Amino acid sequence: MLKDNFLLELTKQYETPFYIYNGNVIEYKYKQLQNAFANCSNFQVNYAMKALSSIAILKLMHQLGSCVDTVSIHEVKLAFLAGFNADEIFFTPNGTPFHEIKEAANLGVNITLDNIIQIEQYAKLNVGNSIAIRINPNIKAGGNKKITVAKKKSKFGLSISKVDKLHKLIKECGLQIHGFHIHLGSDILSIDSFKNSANVLFSIAKQFKNLKFINFGGGFKVKYKSDDDFININEIGLQLTNAFNDFKVSYNNEHLKLIIEPGKFLVSNSGLFLTEVTTIKDRNIFINSGFNHLIRPMYYDAYHHIRNISNTKISTKKYHIVGYICEQDFFGKSRTLNKPHVGDIICIENAGAYSFTMASNYNSRLRPMELLHYNEETKIIRKKECFKDLVQNQIF
Ligand SMILES: Cc1ncc(COP(=O)(O)O)c(C=O)c1O
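Residues numbered from 1 in each chain as written. Predicted model: local features only at pLDDT ≥ 70, side-chain atom pairs only at ≥ 80, totals over all residues.

## So, the domain arrangement of the chain
Heads up, the rule is: Bear in mind that the domain bounds are from an automatic or database domain assignment. Any two residues are considered in contact once their C-beta atoms, placed from the backbone, lie within 7 Å. Secondary structure elements are taken from DSSP: a helix is a run of H or I of four residues or more, a strand is a run of E of two residues or more, and numbering for both begins at the N terminus.
Taken domain by domain, the chain holds domain 1 (4-20 + 268-391) and domain 2 (23-264). For domain 1 versus domain 2, the separation of C-alpha centres amounts to 32 Å. Across the boundary between the two partners, domain 1 contributes 21 residues, which contact 20 residues of domain 2. Elements represented by at least two residues in the side of domain 1 that touches domain 2 include exactly strand 17 (369-374) and strand 18 (377-382).

## Some points on the nonpolar core
Note the cut-off: Connectivity within a nonpolar core runs through C-beta atoms within 7 Å, and the core itself is a set of buried Ala, Val, Leu, Ile, Met, Phe, Trp, Tyr and Cys residues. Backbone-placed C-beta atoms define the burial measure: a residue is buried with 20 or more other C-beta atoms within 10 Å of its own, exposed with 12 or fewer, and partly exposed in between.
With 105 residues, the main nonpolar core has Val68, Phe180, Ile214 and Ile348 as its most contacted residues. Counting contributing residues per domain, this core is built from domain 1 (4-20 + 268-391) and domain 2 (23-264), each supplying no fewer than three. When neighbours within four sequence positions are excluded, isoleucine 214 is seen to be in contact with Gly179, Phe180, Leu201, Ala205, Phe244, Leu256, Leu258 and Ile259.

## Some remarks on the site of the ligand
Formally: Only the C-beta atom matters for nearness: placed from the backbone, it must lie within 6 Å of the molecule or strand for the residue to count as near. Think of it as three bins: nonpolar holds Ala, Val, Leu, Ile, Met, Phe, Trp, Tyr, Cys and Pro, charged holds Asp, Glu, Lys and Arg, and polar takes everything else, Gly as well.
Close to the ligand lie 17 residues; Ala48, Ser186, Gly218, Gly263 and Lys264 are nearest. Looking at the shell around the ligand, its residues break down into 6 nonpolar, 7 polar and 4 charged.

## Some details on the packing of helix 5 (residues 98-107) against helix 6 (residues 116-125)
The condition is simple: To get an axis, fit a line to the C-alpha atoms, keeping to the stretch in contact for a helix; angles then go from 0 to 180 degrees between the N-to-C directions. Convention used here: angles under 35 degrees read as roughly parallel, angles over 145 as roughly antiparallel, angles from 65 to 115 as roughly perpendicular, and any remaining angle as oblique. Crossing handedness: left-handed means the near helix sits turned counterclockwise from the far one by under a right angle, and right-handed means the same turn made clockwise.
Orientation of helix 5 relative to helix 6, taken along the N-to-C sense of each, is 45°, at an axis distance of 11 Å. By the angle between their axes, helix 5 is oblique relative to helix 6. Between helix 5 and helix 6 lies a crossing of right-handed hand. Between helix 5 and helix 6, the contacting residues are Phe98, Ile101, Lys102 and Ala105 on the first element and Gln118, Gln121, Tyr122 and Leu125 on the second. Its residues assigned to classes, the contact of helix 5 with helix 6 comprises 5 nonpolar, 2 polar and 1 charged.

## Structural notes on helix 8 (residues 191-205)
Selection rule: The span one expects for a helix is its residue count, reduced by one, times 1.5 Å. By definition, the arc is the one covered by directions from the helix axis to the C-beta atoms.
Compared with the 21 Å implied by 1.5 Å per residue over 15 residues, the 21 Å span of helix 8 between its first and last C-alpha is a close match. Within the span of helix 8, buried status applies to Ser193, Phe194, Ser197, Ala198, Leu201, Ile204 and Ala205. Taken around the axis of helix 8, the buried residues stretch over an arc of 135°, which confines them to a single face. Contacts made by the buried residues of helix 8 are with strand 6 (131-136), helix 7 (163-173), strand 8 (177-181), strand 9 (213-215) and helix 9 (233-251).

Have a look at this one:
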């Protein structure tokens, strides 16, 4: 944990708002995953870079030994820039224009497809690479509707009912399938959901020879407040590993790999977003930010813990912490906050995942700076945008 005094010192040095990530927390979380799956002889983490895709973070992930999950050709290119090799990059598009898939195939990255039309298009490319398939297991799991993505009518994954068609197709076009993948959603607490999805994958995987991996996706729920539930990663590691090891014996392939694909688990708790009180009206505490910088509370109704780190005097009074955007952008409603004054530093927690990567220029606001603190050193890893960035692509 970065200490409040340290954070306050940083706000004297750098103008707020800015994000700060603690690389040692990321490292700790990565090691937690390794420990949880220690009984799996062939285990791999594909960091879902949509959560936080700044190159310095990607480099850290690579250094820790992670591979990377990407969903757009630009994420693929960022991963290359960060030093990942093609075989460490996994591209899992959903409805992505085919030219991106073609480009990724030509770059030699691992490709996972989830619909028959694009599998057919891929076969016609004749690039020789084998592919993996994302399956829709029809399992309801996830913190809210927007991040529950594996139900029957979801847009993700190839329906189980299409597996016969898949058999026919690969026979006709001589395509090789090297893996199966499932991603259920985000903020998942239930270990049973993962076990059920593993069983779906095993029942399909056993029909295909020469698989290299089975990917159980990400979605592990993290803690957002002190009394919050969070996934028991050791338990899930143990149970998935046991199920996987049993499957491996019946599948008779010692080299089969177990992959997981977490985003939030690795980076959410590592990040803080530091802002400043600009004005106060009744119970509304305005800060120099809005949903253009951190949209999760407004978009997902997500809880992010918020603290006034300038005032250490404990108070029980409740306030709304609001943004400057021309809509009702509440970072937190009726929150207990130490009495705020204009200029106080307000710290929003869990700003590591889906915060900067979901930021925008709405209301012609600039995206903030990002800092990385790692092994006692704090470095700027992305400069704050400037006005020029807003206009540089516009034709007057
Ligand atoms: C395909 C895929 N894998 C992994 C993830 C990571 O999910 P989380 O950040 O909840 O671990 C996502 C998130 O949307 C995803 O779409």
